[in-house]
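# Coordinate inspection notes
This is what each chain is made of:
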Amino acid sequence: MTTVAPGDTFSIGGDLPVHRLGYGAMQLPGPGVWGEPADPENARRVVRAAVEQGVDFIDTADSYGPVVSERIIAEALHPYPEGLVIATKAGLTRQGPGIWTPVGRPAYLKQQVELSLRTLRLERIDLIQLHRIDADVPLADQLGAFRELQEEGKVRHIGVSEVSVAELEEARSIVDVVSVQNLYNLTNRQSQDVLDHATEHGIGFIPWFPIATGDLAASDSPVADIARELDATPSQVALAWLLHTSPVVLPIPGTKSVEHLAENLGAAQVRLSDEDMARLDALA
C-alpha cells in the first residue's frame with residue numbers, strides 16, 4: 001500500500017530523486033534516544049511499513065542509540081530496495097540519555113562514517129550530514145574529512161545540520177552542500193532565513209521536529225480547528241504546511257507506531273488552499 005503522493009519529489013544533489021515526505025529514525029532507540037527499544041521487532045516493523053507505504057528517504061544518525069537506529073534499519077530492510085536513500089549523520093557523541101556533545105575531529109568523523117557503512121551494510125552512504133559544527137575544530141577540517149571520503153567513493157553527497165545562513169555559506173565554500181537539516185516547524189520558524197537561502201539555491205531543507213515532537217498532533221494543537229475543516233488530523237496539516245512552504249522541504253516525521261506512521265504519510269494527500277496557508281502562517 002502506497003500513501004505517499006507519487007509525483008511530489010525532490011532530487012537530492014540533482015541525482016537522487018526521493019518522495020519529499022520521508023521517515024526520521026530518531027525515535028527507534030530507547031528513551032532519550034539511548035539504548036535499545038522496548039520492542040525491537042516493532043521498531044523493525046515500523047521501518048518496513050514506511051518503505052511499504054512509499055517512503056524512499058530515511059534519515060538517521062550514528063548517535064541515535066548510539067548505533068541502534070542504523071542497526072534496526074539494516075535489520076529491517078537489507079538488502080535494500082532499489083531507489084531507497086538512507087541519510088545518516090556524524091559529529092555528535094553520546095554520554096547518556098539526552099546528552100549530545102559535538103566532536104568534529106577529522107579522524108573521528110572518518111571513523112564514524114566507516115562504522116556507519118558497516119552498520120548499515122552499505123558500500124557508499126548517499127547523504128552524510130555533519131550533525132553539529134564543532135566550535136573547537138575548523139569547519140574546513142570537519143567537512144574536509146567528508147570530502148576525502150567522497151573522493152574515495154564512500155560518500156555520495158554532503159549535508160550540514162543546525163547551521164546559520166553564514167555557516168551554510170561557509171560550508172558551501174568548502175564542499176558542495178546538497179542539504180541542510182535545521183529545527184523548523186509550524187510554530188518554530190527560527191530557521192526561516194536558512195530555509196529561504198536553501199530554497200533560493202535549490203538545497204534540500206530537512207526540518208527536524210516537523211510536528212514539534214507531537215505537540216502539533218494534539219487534539220488541542222494550534223492547527224486542530226483547521227484540521228477538522230479539512231477532514232484531516234492536526235499532524236497531517238502541520239506536515240502538509242511544511243510541504244506547501246517550499247519545494248525543497250523534506251519533512252521526516254518519526255514515530256514508533258505503524259498507525260501513526262500511516263497517519264503522518266497521509267499528509268502527502270492533504271491539499272491546502274492559499275487561504276488555509278495564510279491562516280496557518282499566522283499561527284507562528
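Coordinates for the structure precede this section.
Residues numbered from 1 in each chain as written. Predicted model: local features only at pLDDT ≥ 70, side-chain atom pairs only at ≥ 80, totals over all residues. Heavy atoms only, no water.

The next subject is the nonpolar core. Y23, F57, I58, I73, L143, F146 and F205 are the most contacted members of the largest nonpolar core, which totals 87 residues. Those residues in contact with L143, other than ones at most four positions away along the chain, are L130, I158, V160, A171, I174 and V175. (Core = buried A, V, L, I, M, F, W, Y, C linked by side-chain atoms within 4.5 Å. Buried < 20%, exposed > 50% of the residue type's maximum accessible area, 1.4 Å probe, protein only. Contact = heavy atoms within 4.5 Å.)

In terms of burial, strand β5 (residues 85-90) is largely enclosed, as six of its six residues are buried. Of the two faces of β5, the one holding V85, A87 and K89 and the one holding I86, T88 and A90 are both buried throughout. Judged from the three bridges that link them, strand β4 (residues 57-59) and β5 form a sheet pairing that is parallel. Across the sheet, D59 pairs through a bridge with A87, a residue of β5. The parallel pair β4 and β5, bridged by helix α2 (residues 68-77), forms a crossover whose chirality is right-handed. In this sheet, strand β8 (residues 125-130) lies alongside β5 in parallel orientation, the contact comprising four bridges. Across the sheet, residue A90 finds its bridge partner in β8, namely L130. (Helix = DSSP H or I, 4+ residues; strand = E, 2+ residues; numbered from the N terminus. Pairing = 2+ DSSP bridges. Right-handed = clockwise from strand over helix to strand, strands pointing away.)

Attention now goes to the packing of helix α3 (residues 106-120) against helix α4 (residues 139-151). Two elements in contact, α3 and α4, have axes whose closest approach is 8 Å; the angle formed by their N-to-C orientations is 40°. What the angle tells us is that α3 and α4 run oblique. Where α3 crosses over α4, the two elements pack in a sense that is right-handed. On the side of α3, the interface is formed by P106, L109, K110, V113 and E114, while α4 contributes D141, Q142, A145, F146, E148 and L149. A per-class count over the contact of α3 with α4 returns six nonpolar, one polar and four charged. (Axes fitted to C-alpha atoms, helices over the stretch in contact; angles between N-to-C directions. Parallel < 35°, antiparallel > 145°, perpendicular 65-115°, else oblique. Left-handed = near helix turned anticlockwise from the far one by under 90°. Nonpolar A, V, L, I, M, F, W, Y, C, P; charged D, E, K, R; others polar.)

Attention now goes to the packing of helix α1 (residues 40-52) against helix α9 (residues 258-265). Look at α1 against α9: their axes get within 9 Å of each other, and the N-to-C directions meet at 25°. Between α1 and α9, the angle is such that the two are roughly parallel. As for the relative orientation of α1 and α9, their crossing is right-handed in sense. Packed against α1, whose contacting residues are R45, V46, A49 and A50, the element α9 presents V258, L261 and L265 at the interface. Residue composition of the contact of α1 with α9, grouped by class: six nonpolar, no polar and one charged.

This brings us to helix α5 (residues 165-174). Inspection of α5 places L168, A171 and I174 among the buried residues, and these make up the whole buried set. One face of α5 carries all of its buried residues, which in axial projection span an arc of 115°. Set apart from the buried face of α5 by more than 90 degrees, the exposed residues are A166 and S173. Buried-residue contacts for α5 involve α4, β9 (155-161), β10 (177-183) and α6 (192-201). (Arc of directions from axis to C-beta.)

The next point concerns the pairing of β10. Within β10, seven of the seven residues are buried, which leaves the element mostly enclosed by the surrounding structure. Of the strand pairs in this sheet, β9 and β10 are connected by four bridges, and their pairing is parallel. Each bridged residue has a counterpart across the sheet, and for I158 the counterpart in β10 is V177. Note: β10 against strand β11 (residues 204-208), five bridges, orientation parallel. Bridge assignment links V180 to a residue of β11, and that residue is F205. Handedness of the crossover is the feature at issue here: the chain leaves β10, passes through α6, returns alongside β11, and the resulting connection is right-handed.

In this section: the sheet that holds β4. Read from one edge to the other, the open sheet built from seven strands follows the order β3-β4-β5-β8-β9-β10-β11, with strand pairing classed as parallel. Pairing within the sheet leaves two strands with one partner each, and these edge strands are β3 (23-24) and β11.

The next subject is the packing of aromatic side chains. In this structure the tally under the stated criterion is four aromatic pairs. With 5.6 Å between their ring centres and 85° between their planes, Y184 and F205 make a pair best called edge-to-face. Of the two residues, Y184 sits in the loop between β10 and α6 while F205 sits in strand β11, which places them 21 residues apart along the sequence. Judged by relative accessible area, which is 0%, F205 ranks as buried. Seen in terms of ring centroids, Y184 and W241 are 5.9 Å apart; in terms of plane orientation they differ by 20°. Their pairing is stacked. Here the residue Y184 occupies a position in the loop between β10 and α6, and W241 occupies one in helix α8 (residues 234-245), the gap between them amounting to 57 residues. Judged by relative accessible area, W241 falls into the buried class, the value being 1%. A connected cluster of aromatic rings, assembled from ring pairs, spans Y184, F205 and W241. Its guanidinium or amino end placed over the ring of W100, R94 lies 3.7 Å from that ring's centre, counting from NZ or CZ. (Phe/Tyr/Trp six-rings, centres within 6.5 Å; stacked < 30°, edge-to-face > 60°. Lys NZ or Arg CZ within 6 Å of the ring centre and 35° of its normal.)

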